[in-house]
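Chain residues, written in single-letter form:
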Amino acid sequence: MKEFLHRKGIKPSFKLYFIEALSFMALGLFSSLIIGLIIRTLGQELGRVDWLSPYIAFLEPIGSTAMGLMGPAIGVAVAYGLKAPRLVLFAAAVTGAAGAELGGPAGAFLCALISTELGKVVSQETKIDIIVTPFVTILTGVGTAMIIGPTIADALASFGDFIEWSTTQQPFIMGILLAVFMGLALTAPISSAAIALVLGLDGIAAGAATVGCASQMVGFAVSSYRENGWSGLVSMGIGTSMLQIGNIVKNPLILIPPTLTAAILGPITTMVFQMENNAAGAGMGTSGLVGPIMTINTMGSSTEVLLGILLLYFLAPAILSLIFSELLRKTNAIKFGDMKIEQS
């Protein structure tokens with residue numbers, strides 16, 4: 001059996017299913033729900049300009065369409081990440097759609113994961129593979145959605161509601177916890193975007209999460225500027241701080257500046273500025289400017305909101321992380337080259 005599963009490319013592991021597959025799920029989310037929200041938000045905000053409105057009216061329906069295709073995008077992304085054969089890959093669009101309809105993003109992920117692995121088992125094992133493989137993939141995926149989808153959706157929604165309620169009751173403590181945890185998740189090889197969407201983070205809880213992610217990205221970008229220059233500043237500041245994973249393994253102390261920054265800014269976000277966001281922006285930080293755009297989508301584009309975004313997502317993380325990293329450099333805890341990233 002072990003040899004058979006190996007031949008089929010089925011190698012169950014926590015790393016494969018809950019780190020790598022979740023990362024591909026995040027790509028599916030970004031390619032549908034998140035980019036759709038961005039397009040729709042641009043359409044709504046630019047549509048307020050009278051002379052421009054007729055020319056960009058198409059943006060809102062395009063964005064809504066992209067958002068509606070979240071399930072199929074997750075299904076295909078997860079199947080691709082699991083190196084599924086072609087028929088399994090294409091059928092995963094159906095299982096992802098069914099999972100999303102009955103269980104939300106988490107349902108789409110689980111249904112795609114289970115159906116892909118089972119589809120791989122039967123792939124190319126019969127002379128009527130073109131029928132058997134998609135049949136098994138779709139049947140198992142939709143069946144999984146019907147059996148566990150609603151339960152998963154309700155459980156995760158309840159947990160997300162509890163987090164949001166806890167944040168309103170204890171904004172100081174939860175502000176720290178959410179900012180630190182989500183920031184570390186963004187830098188680690190797991191998907192903070194997927195976590196935020198699965199839990200459905202909203203309101204000031206999502207705001208704290210966004211600031212935590214921004215603290216890691218902007219913090220690392222600025223702290224390592226002398227080693228990585230402008231290309232590093234951009235690739236981490238609006239790309240991902242995950243580029244520092246290899247360096248963190250070599251010297252974990254480089255995590256202190258952005259993490260301490262997140263711990264400071266988290267409660268300031270929840271208690272002073274009361275910045276809000278939605279689930280699509282909560283786990284993205286400044287990556288692709290999704291966090292700021294989704295904050296505008298949630299709170300509007302008033303001067304106060306724009307100033308809050310500028311201060312909490314960019315200026316404060318840059319200044320605080322630079323101060324902390326310089327202090328650690330003076331004690332020789334961080335040395336020149338410790339945050340150097342490999343760039344092609």
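As the structure is a prediction and not an experimental result, all values here were calculated from the model. (Residues numbered from 1 in each chain as written. Predicted model: local features only at pLDDT ≥ 70, side-chain atom pairs only at ≥ 80, totals over all residues. Heavy atoms only, no water.)

Participant: Go over the overall build of the protein, please, and point to the residues and values.
Facilitator: When helices and strands are tallied, the protein shows 15 helices and zero strands. By the compact-globule yardstick of 20 Å for 344 residues, the protein fits well, its C-alpha radius of gyration being 21 Å. Taken along the three principal axes of its C-alpha coordinates, the protein extends 65 × 55 × 40 Å. Here the protein holds 344 residues, and the buried ones make up 51% of them. For the protein, contacts bridging at least 24 residues in sequence account for 75% of all contacts bridging at least 6. About 15800 Å² of surface is accessible on the protein, with carbon and sulfur atoms providing 71% of the total. For the protein, the distance from the average position of its 17 positive side-chain charges to the average position of its 19 negative side-chain charges is 15 Å. (Helix = DSSP H or I, 4+ residues; strand = E, 2+ residues; numbered from the N terminus. Rg over C-alpha atoms; globule rule 2.2 N^0.38 Å. Buried < 20%, exposed > 50% of the residue type's maximum accessible area, 1.4 Å probe, protein only. Contact = heavy atoms within 4.5 Å. Areas by Shrake-Rupley, 256 points an atom, 1.4 Å probe, with all protein chains shown as cover. Lys, Arg positive; Asp, Glu negative; His and termini not counted. Charge placed at Lys NZ, Arg CZ, Asp CG, Glu CD.)

Participant: Quick rundown of the packing of helix α12 (residues 256–273) against helix α15 (residues 303–330)? Include the residues and the values.
Facilitator: With their axes 8 Å apart at the nearest point, α12 and α15 run at an angle of 145° to one another. The interaxial crossing formed by α12 with α15 has right-handed handedness. Of the residues in α15, those in contact with Ile-256, Pro-257, Pro-258, Leu-260, Thr-261, Ile-264, Leu-265, Ile-268, Thr-269 and Phe-273 of α12 are Gly-308, Leu-311, Leu-312, Ala-316, Pro-317, Leu-320, Ser-321, Phe-324, Ser-325 and Leu-328. A breakdown of the residues in the contact of α12 with α15 according to their chemical character gives 15 nonpolar, five polar and no charged. (Axes fitted to C-alpha atoms, helices over the stretch in contact; angles between N-to-C directions. Left-handed = near helix turned anticlockwise from the far one by under 90°. Nonpolar A, V, L, I, M, F, W, Y, C, P; charged D, E, K, R; others polar.)

Participant: How would you explain the environment of Leu-37 if you had to name every residue and give the values?
Facilitator: Position of Leu-37 among the secondary structure elements: in helix α2 (residues 14–46). With a relative accessible area of 8%, Leu-37 lands in the buried category. Between the alpha carbons of Leu-37 and Asn-297 there is a distance of 8.4 Å; along the sequence they are 260 residues apart. With sequence-adjacent residues up to four places away left out, Leu-37 is seen in contact with Met-67, Ala-280 and Met-294.

Participant: Let's hear about the pattern of salt bridges: which residues, and what values?
Facilitator: Under the counting rule described, the total for this entry stands at eight salt bridges. In this structure, Lys-8 engages Glu-125 in a salt bridge whose closest nitrogen and oxygen atoms are separated by 2.7 Å. Residue Lys-8 is found in the loop between α1 (2–7) and α2, and its partner Glu-125 is found in the loop between α5 (86–122) and α6 (129–169); the two are separated by 117 residues along the sequence. Among the residues examined, Lys-8 registers a relative accessible area of 13% and is labelled buried. Among the ionic pairs, Glu-227 bridges to Arg-329, the shortest N-O distance being 3.0 Å. A residue pair is termed long-range when its members are at least 10 positions apart, and Glu-227 in helix α10 (residues 225–237) and Arg-329 in helix α15 qualify at 102 residues. Both residues of the pair, Glu-227 and Arg-329, belong to the buried class. (Salt bridge = Lys/Arg side-chain N within 4 Å of Asp/Glu carboxyl O.)

Participant: Tell me about the packing of aromatic side chains, and name the residues and values.
Facilitator: With the rule as written, the count across this model stands at four aromatic pairs. Measuring from ring centre to ring centre gives 5.6 Å for Tyr-225 and Trp-230, while their planes differ by 80°; the resulting arrangement is edge-to-face. (Phe/Tyr/Trp six-rings, centres within 6.5 Å; stacked < 30°, edge-to-face > 60°.)

Participant: Before we move on, can you summarise α5 with the specific residues and values?
Facilitator: An ideal rise of 1.5 Å per residue puts 54 Å on 37 residues; α5 reaches only 13 Å between its terminal C-alpha atoms. Of all the bends in α5, the greatest reaches close to 145° and is centred on Gly-103; the proline Pro-105 follows between one and four positions later. Of the residues one or two after α5, Gln-124 is the one with positive phi, at around 60°. (Expected span 1.5 Å × (residues − 1). Bend = angle between axes of the 7 residues up to and from the residue.)

Participant: Go over the side chain of Lys-8, please, and point to the residues and values.
Facilitator: Reaching out from Lys-8, the side chain makes a polar contact with the backbone oxygen of Ser-123 at a distance of 2.4 Å. In this view, Lys-8 contacts Lys-120, Val-121, Val-122, Ser-123 and Glu-125; residues no more than four positions away in its chain are not counted. (Polar contact = N/O pair within 3.5 Å; in protein donor to acceptor, adjacent residues only side chain to side chain.)

Participant: Please give an account of the environment of Ala-318 that cites residues and values.
Facilitator: With respect to the element layout, Ala-318 can be found in helix α15. It is 17 Å that separates the C-alpha atoms of Ala-318 and Ile-334, two residues lying 16 residues apart in sequence. Not counting chain neighbours up to four residues away, the residues in contact with Ala-318 comprise Val-218 and Val-222.

Participant: Which residues make up the nonpolar core, and what values do they have?
Facilitator: Met-25, Leu-29, Ile-34, Ile-74, Val-78, Phe-109 and Leu-197 are the most contacted members of the largest nonpolar core, which totals 29 residues. Of all the secondary structure elements, the ones that give two or more residues to this core are α2, α4 (70–81), α5, α8 (192–199), α13 (279–282) and α14 (290–299). Among the elements that line this core, the one with the most residues is α2, at 10 residues. Contacts of Leu-29, omitting those with residues within four sequence positions, involve Ile-34, Met-70, Ile-74, Ala-194 and Leu-197. Counting 17 residues, the second largest nonpolar core, distinct from the first, contains Ala-196, Leu-201, Ala-205 and Met-217. (Core = buried A, V, L, I, M, F, W, Y, C linked by side-chain atoms within 4.5 Å.)

Participant: Describe in detail the packing of helix α7 (residues 171–187) against α12, supporting the description with residues and values.
Facilitator: Where α7 contacts α12, the axes come no closer than 7 Å and their chain directions differ by 135°. It follows from the interaxial angle that α7 and α12 lie oblique. As for how α7 packs across α12, the hand of that crossing is right-handed. Listed contacts from α12 to Pro-171, Phe-172, Gly-175, Ile-176, Ala-179, Val-180 and Leu-184 of α7 are Thr-259, Ala-262, Ala-263, Gly-266, Pro-267, Thr-270 and Met-271. For the contact of α7 with α12, a count of residues per class yields 10 nonpolar, four polar and no charged. (Parallel < 35°, antiparallel > 145°, perpendicular 65-115°, else oblique.)

In short, geometric facts, not functional conclusions.
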